[in-house]
Amino acid sequence: MAEHAADHPAPMTNTCTSPLLRDEFAAGMRLLALRSVPGRAASPLSSSMTRPAMTRFDSTSWSLVLGAAAAVPKDQEEFGRRYGPLVRGYFSSRWRLSMQDARIADASQEVFLRIFSPGGPLTRVDKQRPSGFRAFLRGVLHNVAAELERRDRRDRTSPLDSDMLPIDQSEQSPSGAFDRVWAEMITDAAWELMREKAKRDRWAQYRLQVLGHRYVDDMSCEQIAAQISELTVDQVYRLLTAGRSQFRSALMTVLSAHHPELLPEELEQKCREVVEAL
């Protein structure tokens, strides 16, 4: 393959005016790949979740929200499929419970009953509000969790009741429960975009392999070239550079769909926040 290097398109360069710091990006890629690369170990948070296949993410996110708010059945069904893992992941992380725990299912059901209720909060989502839908969903989840926790404290029979909800106080921090599961949802969607584009492109498939070896297996470019004998070290380096750039581009695409009101430099800040939350 080395003799056909001319077939390889020139690697994308990072044109970002305020790029992610390399160590932050590496940490985000490592956690992303740990969850998403087939046959690799899952992250501690993801291991407690049963993740359905990601639905195709596109720019119709706000159309979906508006359709669900208008009680359009197919939009409500897609809304639940898309955001259900995030809702369940939030409660699983906040309460440190298995995704299979009945209390997770009950809390998630309460969230969607409240969201889809006639004249409910979904009908009042403001697309132009800072953080838009993300702020709305976080507010609903926080309110439901707080109500259930108050009910749990009121109903338990003993201060030592082992069945009480074990609240994770880190939810109040910048890297709290919601921030972590939201960041996972965003990065999962970005990774899925890259996978979709790689289906009929052998070089794109090599990029995914190289990213996995670099950020999951912590292999050097020389080690990766030895592992993938068809590639030279120079090609591995270029694939890694292009892969990082394309992952960032996919991340920005997903974020822009969630935050259509933001300017490019504001999306850059959101990109950093996603990486920092992982």
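Report follows, based on the coordinates. (Residues numbered from 1 in each chain as written. Predicted model: local features only at pLDDT ≥ 70, side-chain atom pairs only at ≥ 80, totals over all residues. Heavy atoms only, no water.)

Membership of the largest hydrophobic core comes to 66 residues, with the highest contact counts inside it found for Phe-79, Phe-91, Leu-122, Phe-133, Leu-137 and Leu-141. No other element matches helix H6 (residues 177-198), which puts 13 residues into this core. (Core = buried A, V, L, I, M, F, W, Y, C linked by side-chain atoms within 4.5 Å. Buried < 20%, exposed > 50% of the residue type's maximum accessible area, 1.4 Å probe, protein only. Helix = DSSP H or I, 4+ residues; strand = E, 2+ residues; numbered from the N terminus.)

The next subject is the pattern of salt bridges. Applying the stated criterion to the full structure yields 16 salt bridges. Close ionic contact of Glu-78 with Arg-81 constitutes a salt bridge, the shortest N to O distance being 2.5 Å. Here the residue Glu-78 and the residue Arg-81 both occupy positions in helix H3 (residues 73-95), the gap between them amounting to 3 residues, near one helical turn. Of the residues examined, Arg-81 reaches a relative accessible area of 39% and is grouped as partly exposed. A salt bridge links Arg-82 to Glu-78; the nearest nitrogen and oxygen atoms lie 3.7 Å apart. Linking Arg-82 with Glu-78, this pair stays in helix H3, spanning 4 residues, or about one helical turn. Among the residues examined, Arg-82 registers a relative accessible area of 9% and is labelled buried. (Salt bridge = Lys/Arg side-chain N within 4 Å of Asp/Glu carboxyl O.)

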